Amino acid sequence: VPEIAVRSLDTALLTRADTRPKGRHVTDHAEDAPLSVADLPVADDRDLAWQLIEAAGDVIAVNGTYAVTTAAHVETVLRDPATFSSKRAFDALNSPLPLVPLAFDPPEQTRYRRILQPFFSPRMVRPLEAKLRSDLRALIEPLLDRGECDFVKEIAEPFPVHTFLAFFGLPDDMIDQFMDWKNGILGSTDASGAMPENPAPEAIELYTYLAGLVQERRGVAGDDVLSELLNLTGDDALTDAEAIGLSFLFVLAGLDTVAGSLSMGMERLARNPAHRQELVDDPSLVPAAIEELVRLDPPAPFVPRVTTEDTTIGDHIVPAGSLVSAYLAVANRDPAGRANPLEMDFHRADNAHASFGLGPHRCLGSHLARLEMLVVYEEWHKLIPDYEIAPGADPRVRWPSGTLGIESLPLVFPKRQR
Amino acid sequence: VKLAISPACMGHGLCYSLASELFEDEDDGYGTVRRSGEVPSDQEDLARRAVSNCPEGAISLS
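These lines cover the structure that appears in this document, whether it is placed above or below.

What counts and what doesn't
Residues numbered from 1 in each chain as written. Chains lettered and ligands numbered in written order. Predicted model: local features only at pLDDT ≥ 70, side-chain atom pairs only at ≥ 80, totals over all residues. Heavy atoms only, no water. Contact = heavy atoms within 4.5 Å. Buried area = accessible area lost by both parts, 1.4 Å probe. Salt bridge = Lys/Arg side-chain N within 4 Å of Asp/Glu carboxyl O. Polar contact = N/O pair within 3.5 Å; in protein donor to acceptor, adjacent residues only side chain to side chain. Helix = DSSP H or I, 4+ residues; strand = E, 2+ residues; numbered from the N terminus. Nonpolar A, V, L, I, M, F, W, Y, C, P; charged D, E, K, R; others polar. Expected span 1.5 Å × (residues − 1). Buried < 20%, exposed > 50% of the residue type's maximum accessible area, 1.4 Å probe, protein only. Pairing = 2+ DSSP bridges. Axes fitted to C-alpha atoms, helices over the stretch in contact; angles between N-to-C directions.

1. Points about the interface of chain B and chain A
Okay, step 1: Every contact between the two is made by 19 residues of chain B and, on the other side, 21 residues of chain A.
Okay, step 2: Between chain B and chain A, the buried area comes to about 1500 Å², and carbon and sulfur atoms account for 42% of it.
Okay, step 3: It is Met10(B), His12(B) and Asp25(B) that lose the most area in chain B upon contact with chain A, and together they represent 30% of the buried surface on that side.
Okay, step 4: There are 4 salt bridges connecting chain B and chain A.
Okay, step 5: For Arg126(A), the salt bridge goes to Asp25(B), with nearest N and O atoms at 3.5 Å.
Okay, step 6: Seen at the junction of chain B and chain A, the total is 16 residue pairs in polar contact (both at pLDDT 80 or more).
Okay, step 7: Those elements giving two or more residues to the side of chain B that touches chain A turn out to be helix 1 (14–18) and helix 2 (44–53) of chain B.
Okay, step 8: At 3 residues, helix 2 of chain B tops the list of elements feeding residues into the side of chain B that touches chain A.
Okay, step 9: Counted by class, the side of chain B that touches chain A contains 6 nonpolar, 7 polar and 6 charged residues.

This is the structure:
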């Protein structure tokens, strides 16, 4: 246990000011020893990091913001957009235009979701399955004779990123540029959701590119999501600002989250051969395994909101205008939610979790994300059932960061017998 | 017994993935009950599983 992380978390324990008549105040210990989320051992032992946060309390002060850590509080925050607004909650991403639909509240957000949801529904994404399987097999094929790979660089990143670019309608040959923009913007964020000291210059570059793209693509027919969105008419027609704000968000979400999930999920499977063998022996377990892996490792585990009025969360007073983050990875380990929440178990009968969010902002891409993960875990284990982390490799989660993923996961496996 | 989905449904899609005998998806991805929510007696366990796995607690069984 890294001592520094434990110490700084101790300082995050709420002052139990039971003498205060109106309830306990959440105290930021900035003066003596500030809780720095950067000190948490997420990179090396994220399970421990989430336990340390859970032990710190149900509502904790973090870098001038508030973190809620129990399943009940996360539900409260994410299901009450009137009190916990999204409007200013994503300012840290430095987008010149508000992100559609993420940085809106109902009823405006409801209109956006009504327009967008059919494009991302199971009925729209299911027909992609055969193509996704052949794309993935094409990525795995050259690895079979090599007996080693970097799972992140060769599968977890390229597969969902190429899929997203084609699905949404962005030029595939710009993949490196999109990844640089995405990494710059998300890399400037941290778990607190607070404004970064140095907002990412990539935000302006991505915005400028998208503003030009939206102009270019208006009126041009195409069967990708962006073309169809730009050609909507009547009440559903989107303004340039809406289309740009939406594309900005989709680039960030589409290029980061599935890659992050796959990287952390495969690392967990590589470290737990008995669980991996279960998937090899019984591929019908894969959907349940996906839910469990995503429960344990949400790729976007800190969901911010800003309070519109003074409010209470549990016993804690939170003033108006506070940034409150729902800590999904901690809430998913809440003992109130399931037995043995710290264990990985592909046979859970009840496994409702918050990794795709809750309430009106539920992850729009969740159906595409689940399909991509299904294809990867099924095809990989069919073709490469036996693998382990390369000797000497030390895969680490990127940290501090507002979204999570492993940047390099070297795997070794028996070469194909000819 | 009968299943119902409340307006708290946000279209996560767990119900029709877990229990396609009892639920189906609409064009926009929201779940809807089959057979007006009637649950065949041999599928009551499955119905209970759908209820407990809904992330929004939007499914009820009566």
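2. Here we look at helix 10 (residues 202–217) of chain A
Residue and element names in this part refer to chain A.
Okay, step 1: An ideal rise of 1.5 Å per residue puts 22 Å on 16 residues; helix 10 measures up with 22 Å between its terminal C-alpha atoms.
Okay, step 2: Buried residues of helix 10: Ala203, Leu206, Tyr209, Leu210, Ala211, Leu213, Val214 and Arg217, and no others.
Okay, step 3: Buried residues belonging to helix 10 abut helix 9 (175–187), helix 11 (225–230) and helix 12 (240–271).
Okay, step 4: Immediately downstream of helix 10, the backbone of Gly219 shows phi near 80°, a positive value.

3. Considering the sheet that holds strand 9 (residues 323–327) of chain A
Residues and elements named next belong to chain A.
Okay, step 1: Read from one edge to the other, the open sheet built from 5 strands follows the order 2-3-9-6-4, with strand pairing classed as mixed. The sheet is open, and its two borders are formed by strand 2 (59–62) and strand 4 (84–85), each paired with just one other strand.
Okay, step 2: Here strand 2 runs beside strand 3 (residues 65–68); their pairing, made up of 4 bridges, is antiparallel. Residue pairing for strand 3: Val59 is matched across the bridge by Val68.
Okay, step 3: Each of strand 2, strand 3, strand 4, strand 6 (302–307) and strand 9 is contacted by helix 3 (residues 71–78), which is oriented at about 130° to strand 9, the strand it contacts most.

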